[in-house]
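Fold and contact review
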Amino acid sequence: MLGCAFVRVLSQVPPNIVLPAAIGGEVSLNPYVAVAADSGDGKNAAMNAAAAAFRVDGVPKWPIGSGEGFSKHYVHAEADGGGGVKLAQHETSTIVDCSEVDKLNALKRRVGSTVMATLRDAWMGDELGAGNSEADRRLRVRQHAYRLGFVIGVQPKRGAALLGPDEEAGGTPQRFLWVPGTDPYLPDVDILEPDRIPWELPTVPDGDGRFYNCRDERLHAIDVWPPAIRMIREQRRRRQQRKPGAIGGHALLCREKVAAALGILNGRLSVNEEDW
C-alpha cells in the first residue's frame with residue numbers, strides 16, 4: 001500500500017518539480033512500482049486502499065498499451081485555423097495500471113514494439129513520441145511536461161518482461177520500487193476502517209525555479225540532503241572507472257525518488273537524512 005500511495009501522491013506533483021541535476025541533468029519524479037505477488041494477492045486492494053487513504057484530485061488511470069500510445073495520454077492534434085494542425089496538451093498527469101506482467105510481456109513481443117524503451121524514457125522524464133510523416137500523428141510530449149505513475153503486478157516466475165537479460169542491460173529493473181503484495185504481519189482480527197490521512201501538496205515559493213532549455217518553462221529542483229548527492233556522484237565515478245561493488249545509477253535514482261516521496265508525504269519539497 002505504501003508503494004501505491006507513492007504513485008497516488010506523486011501524481012499530484014506538477015511535472016516541473018524534479019530531482020536536482022546530480023549527474024548530467026534534472027530527473028523526473030515519475031514513480032514506478034512493481035508489486036510482487038501471485039495473482040489476486042493484493043495489488044488492486046492496495047491501489048484502492050491508497051486511493052481511500054489520501055484525498056487527492058482525480059487522475060486518469062489507463063491500462064498498459066503500446067509505446068506510441070503513451071503520448072496520447074497527454075497531447076492531441078487539432079486544427080490550427082490555417083489549414084494545418086498543431087499539438088495541444090490536454091493532460092499533465094496519468095497513472096498506468098498493469099494488473100498482470102504477462103500483458104506487458106505480450107506487448108514487448110510485438111514486432112517493432114517500443115513499449116519498454118518508452119517506459120525507460122518516461123521514468124527519466126525525457127521527451128515522448130516519435131517522428132511520423134503525417135503531421136496529425138506527430139504526438140510529442142516535451143521533457144518534464146508530464147507526470148506518469150506506473151504500477152504493475154509481477155507474479156513469481158513470470159517477471160521476465162522486467163527481469164530478463166535485455167531489461168537488466170537496459171536498466172529496467174532498477175527503475176522500479178519492488179514491494180511485496182503479501183503481509184506476513186496481517187492480524188487475525190478485523191480492523192476498523194481508519195480515517196483519511198491528512199495531506200496537502202507542498203507549495204513552491206514564489207519566484208523559485210530556473211529557466212530550462214530556453215523555453216521559458218520553470219523547473220523547481222527539490223533540495224536533497226547533500227551526502228545523498230555525493231553518494232550518487234561517487235557511485236557514478238566508480239561505475240565509469242569500472243570499479244567492483246559500484247551500485248547502478250538507476251537504483252540510487254529510484255532510492256532518491258522514494259526519499260522525495262517520503263518528504264512530500266510529510267509536507268516538504270525536500271529530501272532530508274531521515275528520508276534518505
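Presented here is an overview of the structure given in this document. (Residues numbered from 1 in each chain as written. Predicted model: local features only at pLDDT ≥ 70, side-chain atom pairs only at ≥ 80, totals over all residues. Heavy atoms only, no water.)

Thoughts on helix H1 (residues 2-10)
The element H1 is largely enclosed, with a buried count of 8 among its 9 residues. Turning to H1, its buried residues are Gly3, Cys4, Ala5, Phe6, Val7, Arg8, Val9 and Leu10. (Buried < 20%, exposed > 50% of the residue type's maximum accessible area, 1.4 Å probe, protein only. Helix = DSSP H or I, 4+ residues; strand = E, 2+ residues; numbered from the N terminus.)

Some details on the packing of helix H3 (residues 101-108) against helix H4 (residues 115-124)
When two helices pack together, their arrangement is captured by the angle between the axes and the distance separating the axes. Relative orientation of the contacting elements H3 and H4 amounts to 115°, with a least axis distance of 8 Å. Classified by the interaxial angle, the pair formed by H3 and H4 is roughly perpendicular. Facing H3, whose interface residues are Leu104, Leu107 and Lys108, H4 presents Val115, Met116 and Leu119. Tallied by class, the residues present in the contact of H3 with H4 amount to 5 nonpolar, no polar and 1 charged. (Axes fitted to C-alpha atoms, helices over the stretch in contact; angles between N-to-C directions. Parallel < 35°, antiparallel > 145°, perpendicular 65-115°, else oblique. Contact = heavy atoms within 4.5 Å. Nonpolar A, V, L, I, M, F, W, Y, C, P; charged D, E, K, R; others polar.)

Some details on unusual backbone geometry
One non-glycine residue, His144, adopts positive backbone phi at about 60°. Following the sequence through the fold, His144 ends up in the loop between H4 and strand E7 (147-154). In this structure, Arg242 takes a positive phi of about 60° despite not being glycine. Mapped onto the elements of the fold, Arg242 is located in the loop between helix H7 (226-240) and helix H8 (249-265).

Side note on the environment of Arg140
Assignment of secondary structure puts Arg140 in the loop between H4 and E7. A residue is classified by how much of its surface remains accessible, and Arg140, at 36% relative accessible area, is partly exposed. In this structure, the C-alpha to C-alpha distance between Arg140 and Leu128, residues 12 residues apart in sequence, is 5.5 Å. At a separation of 2.5 Å, a polar atom in the side chain of Arg140 contacts the side chain of Glu127. (Polar contact = N/O pair within 3.5 Å; in protein donor to acceptor, adjacent residues only side chain to side chain.)

What about the nonpolar core?
If you look at the biggest cluster of nonpolar residues, it comprises 67 residues, and the most contacted ones within it are Ile64, Leu104, Phe150 and Ile152. Ranked by residue count, the leading element in this core is H8, at 7 residues. Excluding residues within four positions of it along the chain, Phe150 makes contact with Val7, Pro31, Tyr32, Val33, Ile64, Val96, Cys98, Leu119 and Phe176. (Core = buried A, V, L, I, M, F, W, Y, C linked by side-chain atoms within 4.5 Å.)

Some words on the packing of aromatic side chains
Evaluation of the coordinates by the stated rule reveals 5 aromatic pairs. Aromatic pair Tyr32 and Phe150: ring centres 5.5 Å apart, planes at 80°, arrangement edge-to-face. Taken together, the positions of Tyr32 in strand E2 (residues 32-36) and Phe150 in strand E7 put the pair 118 residues apart, joining distant regions of the chain. Phe150 shares its class with Tyr32; the two are buried. When the ring of Phe176 is compared with that of Trp178, the centres are 6.3 Å apart and the planes differ by 55°; the resulting orientation is tilted. Aromatic rings pair up to connect Tyr32, Phe150, Phe176 and Trp178 into one cluster. Over the aromatic face of Trp123 sits the side chain of Lys257, whose NZ or CZ is 3.8 Å from the ring centroid. (Phe/Tyr/Trp six-rings, centres within 6.5 Å; stacked < 30°, edge-to-face > 60°. Lys NZ or Arg CZ within 6 Å of the ring centre and 35° of its normal.)

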